[in-house]
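# Report on the structure
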Amino acid sequence: MDRNDVTEMIVAAKIKKGIKWADVAKKIGLSKEWVTAGCLGQMTFTEEQAKKIGKIFALPAEAVQLLQVVPYKGSLPTAVPTDPLIYRFYELVSVYGTTFKELIHEEFGDGIMSAIDFKMDMTREADPKGDRVKIVMSGKFLPYKTY
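This write-up is about the structure you can find in this document. (Residues numbered from 1 in each chain as written. Predicted model: local features only at pLDDT ≥ 70, side-chain atom pairs only at ≥ 80, totals over all residues. Heavy atoms only, no water.)

### Description of unusual backbone geometry
The line we're drawing: Helix and strand definitions follow DSSP, with helices as H or I runs of at least four residues and strands as E runs of at least two, each counted in order from the N terminus.
With a phi angle near 55°, Ala58 is a residue other than glycine that sits in the positive phi range. Turning to its location among the elements, Ala58 is positioned in the loop between helix H4 (47-57) and helix H5 (61-66).

Printed below as a string of structure tokens:
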């Protein structure tokens, strides 16, 4: 068994049980965004969190242990995403990446936005012309250091 097997078991159990990621997150006590990323193999759970996930999805002990191992992050199957929804994020970075970079550097200086000290909130925004996806991302600014 490896971490990908655990992810597949979680997704299969989620479908079978008909539960939502937000419900899982509530039981863990963390955001739906972080818990979903963890369940999909991108974050490391503590022993306590992993045991809760194991109980929710009826996972074997080996799977609960694997939830506590630091994963290989960035698990897209291809360099350029082929899934239409994920591709739109790739397209967004391709089109607006230089704008993000320019505006962050102008406002903060030479550095990056952390993806480690990071939080995200995804909500549905009602709109008479068609509902919108609202994603708010907040990452700590990390300046490059001179030495």
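Moving on from the model shown.
### Considerations on the packing of aromatic side chains
Given two aromatic rings, their pairing is described by the distance between the two centres and the angle made by the two planes. So the rule is basically this: Here a Phe, Tyr or Trp ring, Trp counted by its six-membered ring, pairs with any other such ring whose centre lies within 6.5 Å, and the pair is stacked when the planes are under 30 degrees apart, edge-to-face when over 60, and tilted otherwise. Only protein chains enter the accessibility calculation, which uses a 1.4 Å probe; a residue whose area is less than 20% of its type maximum is buried, one above 50% is exposed, and one in between is partly exposed.
Across all of its chains, the model carries 4 aromatic pairs by this definition. Aromatic pair Trp34 and Phe45: ring centres 5.5 Å apart, planes at 90°, arrangement edge-to-face. Residue Trp34 is found in helix H3 (residues 32-39), and its partner Phe45 is found in the loop between H3 and H4; the two are separated by 11 residues along the sequence. Given the relative accessible area of 28%, Trp34 is considered partly exposed.

### Quick look at the side chain of Gln42
Just so we agree on the cut-off: Two residues qualify as a contact provided that any one of their heavy atoms is within 4.5 Å of a heavy atom in the partner residue.
The topology assignment puts Gln42 in the loop between H3 and H4. A residue is classified by how much of its surface remains accessible, and Gln42, at 18% relative accessible area, is buried. Contact partners of Gln42, with chain neighbours within four places excluded, come to Ala37, Pro71, Tyr72, Lys73, Gly74 and Ser75.

### Observations regarding a nonpolar patch on the surface
Cut-off, in case you're wondering: Exposure above 30% relative accessible area and the absence of a salt bridge qualify a residue for a patch, where like charges join within 9 Å and nonpolar side chains (Val, Leu, Ile, Met, Phe, Trp, Tyr) within 5 Å. Here the accessible surface of atoms and residues is derived via Shrake-Rupley with a 1.4 Å probe, and residues count as covered only by protein chains that are part of the display. Salt bridges, as used here, are contacts in which a Lys or Arg side-chain nitrogen is within 4 Å of a carboxyl oxygen on Asp or Glu.
Nonpolar side chains collect at one region of the surface, where Leu76, Leu85, Ile86, Phe89, Met113, Phe118, Met120, Met122, Val133, Ile135 and Met137 lie side by side and expose about 970 Å² of accessible area between them. Sorting the residues of the nonpolar patch by element identifies helix H6 (84-108), strand E1 (111-125) and strand E2 (132-143) as the ones contributing at least two each. The greatest single-element share of the nonpolar patch, amounting to 4 residues, is contributed by E1. Since its relative accessible area comes to 63%, Val133 is described here as exposed.

### Side note on H3
Turning to H3, its buried residues are Glu33, Val35, Thr36, Gly38 and Cys39. Of the surrounding elements, those touching the buried residues of H3 are helix H1 (3-17), helix H2 (21-28), H4 and E1. At the C-terminal side of H3, Gly41 shows a positive phi close to 95°.

### A closer look at the nonpolar core
Just so we agree on the cut-off: As used in this record, nonpolar core signifies buried Ala, Val, Leu, Ile, Met, Phe, Trp, Tyr and Cys residues forming a set joined through side-chain atoms within 4.5 Å.
Within the largest apolar cluster, 19 residues are counted, with the highest numbers of intra-cluster contacts made by Ile10, Cys39, Ile53, Phe57, Leu59 and Leu67. Breaking this core down by element, the ones donating at least two residues are H1, H2, H3, H4 and H5. Not counting residues within four places of it along the chain, the set of residues in contact with Ile53 comprises Ile10, Val24, Ile28, Val35, Cys39, Phe45, Leu59 and Leu67.

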